[in-house]
Amino acid sequence: MELITSRPKRNPTGSKPKWLSLALALSVSTAVVSTTVESAAILEGDRSVPLEARQGMVVTSHFLATEEALEVLKNGGNAVDAAVTAAFALAVTQPRSGNIGGGGFMLVSSEKKNETIAIDYREKAPAAATRDMYLNAEGEADPELSRFSHLSAGVPGTVAGLALALEKYGSISLSEALAPAIRLASDGFIVTPRFSKGIKDREERLRKFDSTRKIFFKEDGSFYEPGDTFVQKDLAATLTRIAKDGVKGFYEGKTAELLVAEMQRGGGLITLEDLKQYEPVIRKPIHGNYRGYDIYSMSPPSSGGAHIVQILNILEGYPIGEYGHNSAKTIHLMAEAMKRAYADRSKYLGDTDFVDVPLDGLTSKSYAEELRKQIKVDHMTPSSTIKPGNPVPYESNETTHFSVVDKFGNAVSNTYTINFSYGSHIVVDGAGFLLNNEMDDFSAKPGVPNAYGLLGGEANKIEPGKRMLSSMSPTIVKKDGKNFLVTGSPGGSRIITTTLQVIMNVIDHSLNVQAAVNAPRIHHQWLPDEIRIEEGISPDTIDLLEGFGHTVSRKSAMGAIQSIMIGEDGTFYGGADPRRSTSSAMGF
Ligand code: DON
């Protein structure tokens, strides 16, 4: 068994470990960032630990990313090293959601430091964005503009966020973390049925832009089929520029110029200055307590953490475990709690750098008690009596979550996205990556829902430099200071309820983590006033729910939650979501 030289701290210019066959000997530029949380820590990693004594686990929605990240852990890297490696690998192997053209959130927990922080690398509105930029001449919101045009893209945050994570908490260099992604982009990888189907499902939109067509279709215009090799030379060159020049390889120089040229060709707003100005932020996560477990989840500009804690606080007043998993009574109470939280979301939530959000109130036990008093145990309260609205149907879309733990007591929970599957469907010509359409998460007009049927108000109006409200909820649950459950999901508005249910499945219903992930899920988002259910809820239960006055509507699968649970003896249990055929949990 080979021992790897100890390299506990990051040393970008030091000798490279054997395990990385890097073609480039590169230095890394330092990301300049502002933080709202003081945290100078670099998490521990230790390559001197004999391989057979190390442990780690990675769960992602693509096995190639899982494998690459696991390799980092096997070689003594820490959870952040592995997470950043996974994120870049997903940007190559799962371009519908893995990205460098989008943004996201990463929670990092260190047991040894007794600290959990959140990295906010959400996209921002460009400086030239205006409140009414998606309204047509009649004053109506135009979803084509906010979802599928160059105007739909926010200033990407992923590269800066991942670089910051590594800089502050990692032990390998950015070029090391990028090496597997560069190899997968330049040598290519074998197309899976899911990859091929994803493109076929979005064929029309992906063929619309020349820059996108030439990446996602063969030269003769035909599809990539399962078994083919998918090579992305432009993306490999972009990733190599980042490996060489650090964040400047994305936010300045050739990549930035290509992105701005793409904007100018398509009438988008992002400028060189917008890119140069982009900064990720280290934030304090939302913290709550549920039946003795500490819940850490994403703070604004995500609504996720606040509402997961709010819903859990409401439900804590009921013996949910006794009522039973997915029983009519349990689902009824969950739905009643969910609709009240989503009603609050529409009014209060937005980017706290721009608006005041009553987070303490929303997450307090006393407010939960107040809301609980309004809930009738045997009858639904119509959403219209809570607050009126005008929602649109759900869309099926894609984000991606992954969870990592290492043997040093660190855990990473990361959700990132370009919003829809394939985002705006616009590839930056010459740079090979898709642009997000995250601007649609702003409230284009009060009372007009976004693509997920979510309503927003003043707090989430468009303003230059503001981050659009998100539902992404990377979450770490701790018990007595120890990492216990690392979880999170894609799914638009359903992210909050999906994550909530895995937490409850484990804590209230004592399901093992894979069972907790697999179990059929339900969702209520206040408007439309219906309980959405996955396949697998019994007809008897549906009858009872209808008896309580609910409208129950069966919809396709919700979310793709990639989770890790840590047993009392320190054993890692993986829960990869079978709703994605390429999901994988791997540990050692
Ligand atoms: O930030 C958000 O809440 C959305 N843009 C996430 C989109 C998403 O999860 C799509 N996926 N399934």
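In case you missed it, the structure is sitting above this.
Residues numbered from 1 in each chain as written. Predicted model: local features only at pLDDT ≥ 70, side-chain atom pairs only at ≥ 80, totals over all residues. Heavy atoms only, no water.

Peer 1: I would appreciate a short explanation of the overall build of the protein in the present structure.
Peer 2: Regarding its fold elements, the protein presents 21 helices and 18 strands. Looking at the 588 residues of the protein, the share that counts as buried comes to 64%. Taken as a whole, the protein presents about 20000 Å² of accessible surface, with 51% of it coming from carbon and sulfur. (Helix = DSSP H or I, 4+ residues; strand = E, 2+ residues; numbered from the N terminus. Buried < 20%, exposed > 50% of the residue type's maximum accessible area, 1.4 Å probe, protein only. Areas by Shrake-Rupley, 256 points an atom, 1.4 Å probe, with all protein chains shown as cover.)

Peer 1: Explanation requested: the sheet that holds strand S3 (residues 115-121) in the structure shown.
Peer 2: The pairing of strands in a sheet happens through backbone hydrogen bonds and is either parallel or antiparallel. Read across the sheet, seven strands follow the order S6-S3-S2-S10-S9-S1-S18 without closing on themselves; strand pairing throughout is antiparallel. Strand pairing shows two members of the sheet lacking a second neighbour, strand S6 (281-283) and strand S18 (584-587), which therefore form its edges. Across this sheet, the average inter-strand angle for adjacent strands is 15°, counted without regard to direction. Each of strand S2 (103-110), S3, S6 and strand S10 (410-417) touches helix H4 (residues 158-169); the most contacted strand, S3, lies at about 155° to it. (Pairing = 2+ DSSP bridges. Axes fitted to C-alpha atoms, helices over the stretch in contact; angles between N-to-C directions. Contact = heavy atoms within 4.5 Å.)

Peer 1: What is the right way to look at the site of the ligand in this model?
Peer 2: If you check the shell around the ligand, you find 16 residues, and the closest are Thr399, Glu438, Asp441, Ser470 and Ser471. Take Glu438: an N or O atom from its side chain is 2.6 Å from a nitrogen atom of the ligand. Note that an oxygen atom of the ligand is positioned 2.8 Å from one of the backbone N or O atoms of Gly492. For the ligand, whose unbound accessible area comes to 340 Å², protein coverage reaches 98%. Within the shell around the ligand, the residues separate by chemical class into four nonpolar, eight polar and four charged. No fewer than three residues from each of domain 1 (58-282 + 402-445) and domain 2 (285-398 + 471-578) sit in the shell around the ligand. (Near = heavy atom within 4 Å. Polar contact = N/O pair within 3.5 Å; in protein donor to acceptor, adjacent residues only side chain to side chain. Nonpolar A, V, L, I, M, F, W, Y, C, P; charged D, E, K, R; others polar. Domains from an automatic or database assignment.)

Peer 1: Would you mind showing me how to read the nonpolar core here?
Peer 2: In a soluble, globular protein the nonpolar side chains are often hidden away together inside. Counting residues in hydrophobic clusters, the biggest one holds 84 residues, and the most contacted among them are Ile100, Met106, Phe216 and Leu239. Residues within four places of Ile100 in sequence aside, it is in contact with Phe88, Ala91, Pro156, Thr158, Val159, Leu235, Thr238, Leu239, Ile242, Phe250 and Phe433. (Core = buried A, V, L, I, M, F, W, Y, C linked by side-chain atoms within 4.5 Å.)

Peer 1: Even after reading the chapter, I still don't get the packing of helix H5 (residues 174-187) against helix H9 (residues 233-245), so can you show me in this structure?
Peer 2: Each pair of packed helices can be summarised by the angle the axes make with each other and by the distance between the axes. Their axes nearest at 9 Å, the elements H5 and H9 cross at an angle of 170°. Relative to H9, the element H5 lies roughly antiparallel. Together, Leu174, Ser175, Leu178, Ala181, Ile182, Ala185 and Ser186 of H5 and Lys233, Ala236, Leu239, Thr240, Ile242 and Ala243 of H9 make up the contact between the two elements. (Parallel < 35°, antiparallel > 145°, perpendicular 65-115°, else oblique.)

Peer 1: For this particular structure, what's the right way to read the pairing of strand S9 (residues 400-406)?
Peer 2: Every regular strand shows the same layout, with side chains that alternate between the two sheet faces. Within S9, seven of the seven residues are buried, leaving the element largely enclosed by the surrounding structure. Residues of S9 alternate between two faces, with Thr400, Phe402, Val404 and Asp406 on one and His401, Ser403 and Val405 on the opposite face, all of them buried. Two elements, strand S1 (residues 56-60) and S9, share four bridges in a ladder whose sense is antiparallel. By the bridge assignment, Val59 is partnered in S9 with Ser403. With six bridges connecting them, S9 and S10 associate as antiparallel partners. Directly across from Val405, in S10, lies its bridge partner Ala411.

Peer 1: Explain the sheet that holds strand S14 (residues 531-533) to me, please; I cannot follow it from the model alone.
Peer 2: The three strands lie next to each other as S13-S14-S15, forming an open sheet whose pairing is mixed. If you trace the sheet from one side to the other, it starts and ends with strand S13 (522-523) and strand S15 (552-554), each paired once. Where helix H21 (residues 539-547) meets the sheet, its contacts fall on S14 and S15, and the angle it forms with S15 comes to roughly 145°.

Peer 1: What is the right way to read the packing of helix H13 (residues 304-315) against helix H17 (residues 365-374) from this model?
Peer 2: Taken N-terminus to C-terminus, the directions of H13 and H17 make an angle of 60°; their axes are 8 Å apart at the nearest point. By the criterion of interaxial angle, the relationship of H13 to H17 is oblique. Between H13 and H17 lies a crossing of right-handed hand. Facing Gln310, Asn313 and Ile314 of H13, the residues of H17 in contact are Lys365, Tyr367, Ala368, Leu371 and Arg372. Taken together, the residues of the contact of H13 with H17 sort by class into four nonpolar, two polar and two charged. (Left-handed = near helix turned anticlockwise from the far one by under 90°.)

Peer 1: What exactly am I supposed to notice about the side chain of Ser473 here?
Peer 2: Along the chain, Ser473 falls in the loop between S10 and strand S11 (475-479). Overall, Ser473 belongs to the buried group, its relative accessible area being 0%. Separated by 2.7 Å, the side chain of Ser473 and the backbone oxygen of Ser471 make a polar contact. Setting aside residues no more than four positions away along its own chain, Ser473 makes contact with Ser297, Met298, Gly304, Gly305, Ile308, Thr415, Thr487, Gly488, Ile495, Ile496 and Thr499.

Peer 1: Would you mind going over helix H19 (residues 495-507) with me for this structure?
Peer 2: Each α-helix winds once per 3.6 residues, and so residues spaced three or four apart point in a common direction. Compared with the 18 Å implied by 1.5 Å per residue over 13 residues, the 18 Å span of H19 between its first and last C-alpha is a close match. In terms of residue burial, H19 counts as a mostly covered element, since 13 of its 13 residues are buried. (Expected span 1.5 Å × (residues − 1).)

Peer 1: Help me out: how do you make sense of the packing of aromatic side chains in this one?
Peer 2: Each pair of aromatic rings is reported with the distance of its centres and the angle of its planes. In the structure shown here, the tally under the stated rule is 14 aromatic pairs. Residues Phe250 and Phe433 carry aromatic rings whose centres are separated by 5.4 Å and whose planes lie at 40° to one another, so their mutual orientation is tilted. Here Phe250, found in helix H10 (residues 248-251), pairs with Phe433, found in the loop between S10 and S11; they are 183 residues apart in sequence, far enough to count as distant. No difference in accessibility class separates Phe250 from Phe433, as the two residues are buried. Pairwise contacts between aromatic rings join Phe189, Phe195, Phe216, Tyr224, Phe230 and Tyr422 into one cluster. The lysine or arginine in question, Arg207, covers the ring of Phe217, its NZ or CZ lying 4.0 Å from the ring centre. (Phe/Tyr/Trp six-rings, centres within 6.5 Å; stacked < 30°, edge-to-face > 60°. Lys NZ or Arg CZ within 6 Å of the ring centre and 35° of its normal.)

Peer 1: I tried to follow H5 on my own but got confused; where do I start?
Peer 2: Taking 1.5 Å of rise per residue, 14 residues should cover 20 Å, and H5 covers 20 Å from first to last C-alpha, within 8% of that figure. In H5, a bend of some 30° at Pro180 exceeds every other bend along the element. Among the 14 residues of H5, eleven are classified as buried, and the element is accordingly described as predominantly covered. Along H5, the positions that sit buried rather than exposed are Leu174, Ser175, Glu176, Ala177, Leu178, Ala179, Pro180, Ala181, Ile182, Leu184 and Ala185. Looking at the buried side of H5, the elements it contacts are helix H1 (63-74), helix H2 (79-93), H4, strand S4 (189-190), strand S5 (229-230) and H9. Of the residues flanking the end of H5, it is Gly188, one or two places downstream, whose phi is positive at about 90°. (Bend = angle between axes of the 7 residues up to and from the residue.)

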